[in-house]
Amino acid sequence: MTPQVSIIMGSVSDLPVMEKAAATLNDFCIPFEMTALSAHRTPNEVEQFAKTAKDRGIRVIIAAAGMAAHLPGVIASMTTLPVIGVPVNSSLDGVDALLAIVQMPPGIPVATVGINGAMNAAILAAQILSVGDQELQSRLAAYKEALKTKIVEANKELASVKYRFKTN
Ligand code: RP5
């Protein structure tokens with residue numbers, strides 16, 4: 001299988017968060033690769049990865065990092081592939097990583113999800129890929145339809161909560 005999505009993380013300590021991205025891509029039957037690279041510890045390897053990813057068939061990059069999280073932005077500076085950034089909560093509740101990833105200068109966007117938002121990163125990657133893939137679009141539509149059942153169940157539960165002045 002040729003990977004379509006590359007999941008990059010700054011350290012293996014990010015794996016517990018990024019496992020959700022891997023599991024979600026797996027559920028959508030999207031081939032992916034998963035690698036550790038660090039903008040600070042392995043800058044040359046980051047450059048090599050970013051400059052060759054497109055020619056290897058990668059179509060979306062998910063890059064996760066914590067603390068002074070430069071990895072997604074540095075990768076985005078060296079490729080035209082869409083880069084989705086995942087701020088990892090490694091310190092300061094993840095706000096340091098969130099701001100480092102989301103506040104990119106004009107011209108070098110990183111599509112940033114919420115802190116530890118690995119699952120949303122994978123869903124967004126799937127949605128990007130689905131623009132040219134009708135079958136994947138159908139799988140995503142079915143997934144989103146299934147989300148409604150959670151609210152249906154929530155309303156059943158809320159209906160059983162009784163208060164004298166609660167009217168439903
Ligand atoms: C970042 O620093 C990594 O993405 C990780 O979130 C954080 C801590 O890395 P380790 O010291 O656990 O390797 O580069």
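The structure reproduced in this document is the subject of the present report. Worth saying up front: this structure is predicted, and the values here are computed from it rather than measured. (Residues numbered from 1 in each chain as written. Predicted model: local features only at pLDDT ≥ 70, side-chain atom pairs only at ≥ 80, totals over all residues. Heavy atoms only, no water.)

1. Digging into unusual backbone geometry
Worth spelling out the cut-off: Under the scheme used here, helices are H or I runs from DSSP no shorter than 4 residues and strands are E runs no shorter than 2 residues, and both carry numbers assigned from the N terminus. Think of it in three bands: residues with accessible area under 20% of the maximum for their type are buried, residues over 50% are exposed, and the middle band is partly exposed, with areas taken using a 1.4 Å probe on protein chains only.
The residue M67 is not glycine, and still its phi comes out positive at about 60°. By the secondary structure assignment, M67 is in the loop between strand 3 (60–66) and helix 3 (71–76). Residue M67 is classed as partly exposed on the basis of its relative accessible area of 48%. The backbone of L92 sits at a positive phi, close to 50°, despite the residue not being glycine. By the secondary structure assignment, L92 is in the loop between strand 4 (83–88) and helix 4 (95–102).

2. What to know about the pattern of salt bridges
Let me state the cut-off plainly: Within this document, salt bridges are pairs made up of a side-chain nitrogen of Lys or Arg and a carboxyl oxygen of Asp or Glu, the two lying within 4 Å of each other.
As enumerated under the stated definition, the model contains five salt bridges in all. A salt bridge links E47 to K51, with the nearest nitrogen and oxygen atoms 2.4 Å apart. One end of the pair is E47 and the other is K51, both in helix 2 (residues 43–52) and four residues apart, which spans about a single turn.

3. Quick look at the environment of F28
Note the cut-off: Two residues form a contact once any of their heavy atoms are found within 4.5 Å.
Along the polypeptide, F28 turns up in the loop between helix 1 (15–27) and strand 2 (32–36). Given the relative accessible area of 6%, F28 is considered buried. For the pair F28 and P16, spaced twelve residues apart in the sequence, the C-alpha separation amounts to 20 Å. Filtering out sequence-adjacent residues up to four positions away, F28 remains in contact with I123, A126, L136, R139, L140 and Y143.

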